[in-house]
Amino acid sequence: MERRVVITGLGVVAPNGIGLDDFRSALKNGRSGIKFDQQLADLKFSCQVSGTPPVDKVNHTGYFTDLELRNFNSTGIMYGVIAGLDAWKDAGLPISESENPDWDSGTIFGTGTSGIEKFRESIYKIDDLQTRRLGSTAVSQTMNSGISAYLGGKLGLGNQVTTNSSACTTGTESILMAFDRIKSGKVKRILAGSTSDSGPYIWAGFDAIKVCNYKSNGEPEKASRPMSASAAGFVPGSGAGALVIEDLESALARNAKIYCEILGGNLNSGGQRGGGSMTAPNSTAVQKCVKDALSEARIEAGNIDYISGHLTATAKDSTEIRNLAESLNRFGKDFPYINSLKSLTGHCLSAAASVECVAAVLQLSENFVAPNINCEDLNPEITAIIDAECIPKKMVEKPLKIAMKVSFGFGDVNGCVIFKKYFK
């Protein structure tokens, strides 16, 4: 009998909401988390707004010990641990105090970099001949696998504990890697997700190549404009999303709540050929990724009710819509509802896909489509492909059965995962 794979827990640290209740409210009300960023202004960035999660308002008790917080300077690990432990708790799973590892559970939790501020602090100490004063956690805070190592230790995970990294596709990739491992019978559950550090040392390169919006520094909440004719680049953001992905039998045996089922998905690359490059997608590969995901999930394109787009508020938004419409062979009013969370959060980089997957699963399970903001002036290249009604400006309450999340990243990498409302 083929294993079914479900989602039983969610956790999120986003610019517009920390924790499911706050995040859900932000989704439904179209509440932006993008603010003016004084540090970026002081450093003479062109883009001086950001989507930075307000973690200073979070009580860290229950997430970190006082000892762990001493000399702690890795925002990405902090976001990931908060989101990951919240997802674990939301799934109704205990934190084991046993001396024995939990052999049935693991984590695949991705990132782009880890502890960039800690790394900077360490460089200054080394250059100042103070290597011995780096502290005992300099390595664990700056190694890419720091986030999975922290989560593995806090939860006593005994199965696969690893970190993946594939630019903006990282979160979708972690979910599909977890899906495959569970389907193969090698584990009962995986805490999957991704995280991204905050701050100028992560975002400077994007500002330098002029892909960030510098025209809306005086109106931060209007700065992220996916699918808009006046889109002027993305807003840098950060955060973490976490999902407990589990074998259905395991979930039923412990009477867990089930948000939805994962039907399948696909990962591929355009090889930076055929129009693809380090920063641009190969459209043939994007369309193949979506078509292969549908085949893996064994569903027809006409069954997709809602799409969580990648849609970064750059010139590539219309290309993405064209690729989706052609891969689904659905145009005009026949196209599914689509939204871009980035209008509310900015582009959370390596955390983007997992934060957006949490949002997609919430919308699917609770039958609503969150509004797109800042696209009252829809790009005419987009409305020539799909009808404006498919891009809701206000929340839509509607029964949803199947949702699709797409992600595209630097390096010409693509991901598509398909979720279905759970039915016994």
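Quantities reported herein were computed from a predicted structural model and do not represent experimental measurements. (Residues numbered from 1 in each chain as written. Predicted model: local features only at pLDDT ≥ 70, side-chain atom pairs only at ≥ 80, totals over all residues. Heavy atoms only, no water.)

## Things to note about the overall build of the protein chain
Item 1. Secondary structure assignment for the protein chain yields 15 helices and 15 strands.
Item 2. Rg of the C-alpha trace for the protein chain: 20 Å, near the compact-globule value of 22 Å for 424 residues, within the 12% margin.
Item 3. By principal-axis analysis of the C-alpha atoms, the protein chain measures approximately 60 × 60 × 40 Å.
Item 4. Counted over contacts in the protein chain with a minimum sequence separation of 6, partners at least 24 positions apart contribute 79%.
Item 5. Accessible surface computed for the protein chain: about 17,100 Å², of which carbon and sulfur atoms make up 49%.
Item 6. Put simply, the protein chain has 44 plus and 45 minus side-chain charges, and the middle of one group is 1 Å from the middle of the other. (Helix = DSSP H or I, 4+ residues; strand = E, 2+ residues; numbered from the N terminus. Rg over C-alpha atoms; globule rule 2.2 N^0.38 Å. Contact = heavy atoms within 4.5 Å. Areas by Shrake-Rupley, 256 points an atom, 1.4 Å probe, with all protein chains shown as cover. Lys, Arg positive; Asp, Glu negative; His and termini not counted. Charge placed at Lys NZ, Arg CZ, Asp CG, Glu CD.)

## Quick word on the nonpolar core
Item 1. Ranked by internal contacts, the top residues of the largest apolar core, which has 45 residues, are Ile7, Phe23 and Ile245.
Item 2. With 9 residues, the top contributor of residues to this core is helix α14 (residues 352-366).
Item 3. Setting aside residues no more than four positions away along its own chain, Phe23 makes contact with Val12, Ala14, Asn16, Gly17, Leu341, Val355, Val358, Ala359 and Leu362. (Core = buried A, V, L, I, M, F, W, Y, C linked by side-chain atoms within 4.5 Å. Buried < 20%, exposed > 50% of the residue type's maximum accessible area, 1.4 Å probe, protein only.)

## Topic: unusual backbone geometry
Item 1. The residue Lys44 is not glycine, and still its phi comes out positive at about 65°.
Item 2. Relative to the helices and strands, Lys44 resides in the loop between α2 (38-42) and β4 (49-50).
Item 3. In the Ramachandran plot, Gln272 falls in the positive-phi region, its phi being about 55° despite a non-glycine side chain.
Item 4. As for its position among the elements, Gln272 is in the loop between β9 (260-269) and α11 (283-297).

## Some details on the packing of aromatic side chains
Centre-to-centre distance and the angle between the planes together describe a pair of aromatic rings.
Item 1. Summed over all chains, the structure comprises 4 aromatic pairs.
Item 2. Where Phe64 meets Phe72, the ring centres are 5.2 Å apart and the plane angle is 55°; that geometry is what we call tilted. The same class applies to Phe64 as to Phe72, namely buried.
Item 3. With a centroid separation of 5.6 Å and an interplanar angle of 65°, the aromatic rings of Phe206 and Phe234 are classed as edge-to-face. In this pair, Phe206 is assigned in helix α9 (residues 200-208) and Phe234 in the loop between α9 and β8 (239-247), connecting sequence segments 28 residues apart.
Item 4. Residue classification places Phe206 among the buried residues on the basis of a relative accessible area of 18%. (Phe/Tyr/Trp six-rings, centres within 6.5 Å; stacked < 30°, edge-to-face > 60°.)

## Structural notes on the side chain of Glu320
Item 1. Relative to the helices and strands, Glu320 resides in helix α12 (residues 317-328).
Item 2. Buried charge without a partner: Glu320 forms no salt bridge, and the closest opposite charge is Lys405, 6.7 Å away.
Item 3. With residues near it in sequence (within four places) discarded, Glu320 still touches Gly309, His310, Leu311, Val406 and Phe408. (Salt bridge = Lys/Arg side-chain N within 4 Å of Asp/Glu carboxyl O.)

## Some details on the UniProt feature "domain: Ketosynthase family 3 (KS3)" (unreviewed entry) in the protein chain
Item 1. As annotated by UniProt and renumbered to match this structure, "domain: Ketosynthase family 3 (KS3)" (unreviewed entry) occupies residues 2-421.
Item 2. With 34% helix and 19% strand, the stretch residues 2-421 has end C-alpha atoms that lie 18 Å from each other. (UniProt positions renumbered as here; feature names shortened; annotations may be inferred.)

## Points about the state of the cysteines
Item 1. Within the structure shown, the criterion is met by 0 disulfides.
Item 2. Here Cys357 is not cross-linked by a disulfide; its sulfur's nearest cysteine counterpart is in Cys260, at 9.4 Å.
Item 3. Given the relative accessible area of 0%, Cys357 is considered buried. (Disulfide = S-S within 2.5 Å.)

## Observations concerning a nonpolar patch on the surface
Item 1. The grouping of Ile209, Met278 and Phe410 at the surface amounts to a nonpolar patch, some 280 Å² of accessible area in total.
Item 2. When you line up the elements, Phe410 lands in the loop between β14 (402-409) and β15 (413-420).
Item 3. Judged by its relative accessible area of 33%, Phe410 falls in the partly exposed class. (Patch = residues over 30% accessible without salt bridge, like charges linked within 9 Å, V, L, I, M, F, W, Y side chains within 5 Å.)

## Concerning α12
Item 1. Taking 1.5 Å of rise per residue, the 12 residues of α12 would be expected to cover 16 Å, and the 17 Å separating its terminal C-alpha atoms lies within 8% of that figure.
Item 2. Most of α12 sits out of view: 9 of its 12 residues are buried.
Item 3. For α12, every residue scored as buried is listed here: Asp317, Ser318, Glu320, Ile321, Asn323, Leu324, Ala325, Ser327 and Leu328.
Item 4. Those residues of α12 that are buried lie in contact with α11, β10 (306-308), β11 (337-339), α15 (380-383) and β14.
Item 5. Directly after α12, the chain includes Asn329, whose backbone phi takes a positive value near 55°. (Expected span 1.5 Å × (residues − 1).)

## Considerations on the pattern of salt bridges
Item 1. What the rule picks out here adds up to 22 salt bridges.
Item 2. With its nearest N and O atoms 2.8 Å apart, the salt bridge here joins Arg254 to Glu246.
Item 3. A relative accessible area of 0% means that Glu246 is categorised as buried.
Item 4. Salt-bridge contacts for Lys405 lead to Glu356; the nearest nitrogen and oxygen are separated by 2.6 Å.

## Here's the deal with the packing of helix α1 (residues 20-29) against α14
Item 1. The contact between α1 and α14 brings their axes to 11 Å, and the two run at 75°. Regarding the angle of α1 to α14, the classification is roughly perpendicular. Between α1 and α14, the contacting residues are Leu20, Phe23, Arg24, Leu27 and Lys28 on the first element and Val355, Val358, Ala359, Leu362 and Glu366 on the second.
Item 2. Taken together, the residues of the contact of α1 with α14 sort by class into 7 nonpolar, no polar and 3 charged. (Axes fitted to C-alpha atoms, helices over the stretch in contact; angles between N-to-C directions. Parallel < 35°, antiparallel > 145°, perpendicular 65-115°, else oblique. Nonpolar A, V, L, I, M, F, W, Y, C, P; charged D, E, K, R; others polar.)

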